[in-house]
Amino acid sequence: MTRFVVVPQWQGSPAARAMLLVDGAEAIAGDLPRAATTRIEVPAEAGEALDTGIRRFSALSRIADALTAALDDLDEPALVVGGDCGVAVPAIAHAASTHPGLAVVWFDAHGDLHTPATSLSGAFGGMALRATFTETALPSSGAVAADRVVLVGARDLDEAERAFVDTGAVRVLGTDTDADAVAAAVVATGADAAYIHVDLDVLDPAVLTGVGLPTPFGLRLDELTAAIRAVRDRLPLVGASIAGFAPSSPAAAVDDLGTILRIVGALA
């Protein structure tokens, strides 16, 4: 994977430090090869819900259209660099449009499984994974069946998300799952290609501090990169995204970038 698309989107985040996601995306972009990097312009305004139940939906929709157009112009898979987790939704839809047998591996401390009806915040980031499901009626095109999704590392689920997980609609693996088990779960979906999304809060806060919603008892860096490699060894990777970097200062960003670039290397 040689192309990078940087999307400093903050409008989908429920975190109080949402604007720091812009700084995080730009910090990562600064260490990417310029000739292989495309930047998506993100509007400064928050945007409006437009009766969708999703805060800032108008801005999110504009960004999604711009990201899709940029991906359409590429001849190879891309690594999308956010911003909040919502950047993965149009990227997954794009990958699924050419790979209908796609599986999605979603590394995240949170479920991102809400709908507008269950979300207390109305933030799209908390609905991002659910928005990719063909079974979900959201103002965004579902791209994959829920049974082709593997959620890894989630340990902070709201009640509505737990109720959905309890239906068995989606495979969920904890932080005690090893790399081979992650790869086996993906293969068991029957998919012939994979998309990997990494929200950086899947890592333990002792590993990386610059996230909006740090959650204890997360993955170690070597566990995450090993799981990514194991999936790639089993199935072709046709797209990926990384999101959630919200450094508190430029100095803090430097402290975390080595860790993030190792994840970028595993994905790219």
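Residues numbered from 1 in each chain as written. Predicted model: local features only at pLDDT ≥ 70, side-chain atom pairs only at ≥ 80, totals over all residues. Heavy atoms only, no water.

Here we look at the packing of aromatic side chains
Think of a pair of aromatic rings as described by two things: how far the centres are apart, and how the planes are tilted against each other in angle. Enumeration according to the criterion identifies one aromatic pair in this entry. A centroid spacing of 6.0 Å and a plane angle of 25° characterise the contact between Phe-133 and Phe-164, whose relative ring orientation is stacked. You can see Phe-133 sitting in the loop between helix H4 (128-131) and strand S5 (149-152) and its partner Phe-164 sitting in helix H5 (residues 159-166), a full 31 residues away along the chain. On the basis of relative accessibility, which here comes to 1%, the residue Phe-133 falls in the buried class. On the basis of relative accessibility, which here comes to 15%, the residue Phe-164 falls in the buried class. (Phe/Tyr/Trp six-rings, centres within 6.5 Å; stacked < 30°, edge-to-face > 60°. Helix = DSSP H or I, 4+ residues; strand = E, 2+ residues; numbered from the N terminus. Buried < 20%, exposed > 50% of the residue type's maximum accessible area, 1.4 Å probe, protein only.)

Some thoughts on the nonpolar core
Counting 49 residues, the largest nonpolar core has Phe-107, Val-198, Leu-200 and Ile-263 as the members making the most contacts within it. Top element by residues in this core is helix H8 (residues 250-267). It accounts for seven residues. Ignoring any residue separated from it by four or fewer positions in sequence, one finds Phe-107 in contact with Val-152, Val-182, Ile-196, His-197, Val-198, Asp-199, Val-202, Leu-219, Leu-224, Ala-227 and Ile-228. Judged by nonpolar contacts, the second largest core, of 47 residues, contains Ala-96, Leu-102, Val-149 and Val-170. (Core = buried A, V, L, I, M, F, W, Y, C linked by side-chain atoms within 4.5 Å. Contact = heavy atoms within 4.5 Å.)

Details of a negative patch on the surface
A grouping of Asp-72, Asp-73, Asp-75 and Glu-76 is seen on the molecular surface, where their side chains present a negatively charged patch. According to the relative accessible area criterion, Asp-75 is exposed, its value standing at 78%. (Patch = residues over 30% accessible without salt bridge, like charges linked within 9 Å, V, L, I, M, F, W, Y side chains within 5 Å. Areas by Shrake-Rupley, 256 points an atom, 1.4 Å probe, with all protein chains shown as cover. Salt bridge = Lys/Arg side-chain N within 4 Å of Asp/Glu carboxyl O. Lys, Arg positive; Asp, Glu negative; His and termini not counted. Charge placed at Lys NZ, Arg CZ, Asp CG, Glu CD.)

A closer look at the sheet that holds strand S3 (residues 78-82)
Pairing within the open sheet is parallel, and its eight strands lie in the order S2-S1-S3-S8-S7-S4-S5-S6. Since the sheet does not close on itself, it has two edges, and those belong to strand S2 (37-39) and strand S6 (171-173), each with one partner. Strand-to-strand, the axes of this sheet are offset by a mean angle of 15°, without reference to chain direction. The pairing of strand S1 (residues 3-7) with S2 spans three bridges and is classified as parallel. By the bridge assignment, Phe-4 is partnered in S2 with Thr-37. Sheet strands in contact with helix H7 (residues 221-234) are strand S4 (102-107), strand S7 (193-199) and strand S8 (237-243), and its direction is about 165° off that of S7. (Pairing = 2+ DSSP bridges. Axes fitted to C-alpha atoms, helices over the stretch in contact; angles between N-to-C directions.)

Points about the pairing of S7
In terms of burial, S7 is largely enclosed, as seven of its seven residues are buried. Burial along S7 is two-sided: the residues Ala-193, Tyr-195, His-197 and Asp-199 and Ala-194, Ile-196 and Val-198 are all buried. Two strands pair when backbone bridges link them, and S4 and S7 are joined in this way by six bridges, in the parallel orientation. What sits directly across from Ala-103, in S7, is Ala-194. Handedness of the crossover joining S7 and S8 through H7 is recorded here as right-handed. (Right-handed = clockwise from strand over helix to strand, strands pointing away.)

Observations regarding helix H6 (residues 179-188)
Among all positions of H6, only Ala-179, Val-182, Ala-183, Ala-185 and Val-186 are buried. All buried residues of H6 fall inside an arc of 160° around its axis, so they share one side. Away from the buried face of H6 by more than 90 degrees, exposed residues Asp-180 and Ala-188 are located. In this structure, the buried side of H6 is in contact with S4, S5, S6 and H7. Of the residues that open H6, the one with a side-chain oxygen 3.3 Å from the backbone nitrogen of Asp-180 is Asp-178. Just past H6, the residue Gly-190 takes up positive phi, approximately 85°. (Arc of directions from axis to C-beta. Polar contact = N/O pair within 3.5 Å; in protein donor to acceptor, adjacent residues only side chain to side chain.)

So, the environment of Thr-132
The topology assignment puts Thr-132 in the loop between H4 and S5. The class for Thr-132 is buried, based on a relative accessible area of 1%. For the pair Thr-132 and Arg-56, spaced 76 residues apart in the sequence, the C-alpha separation amounts to 18 Å.

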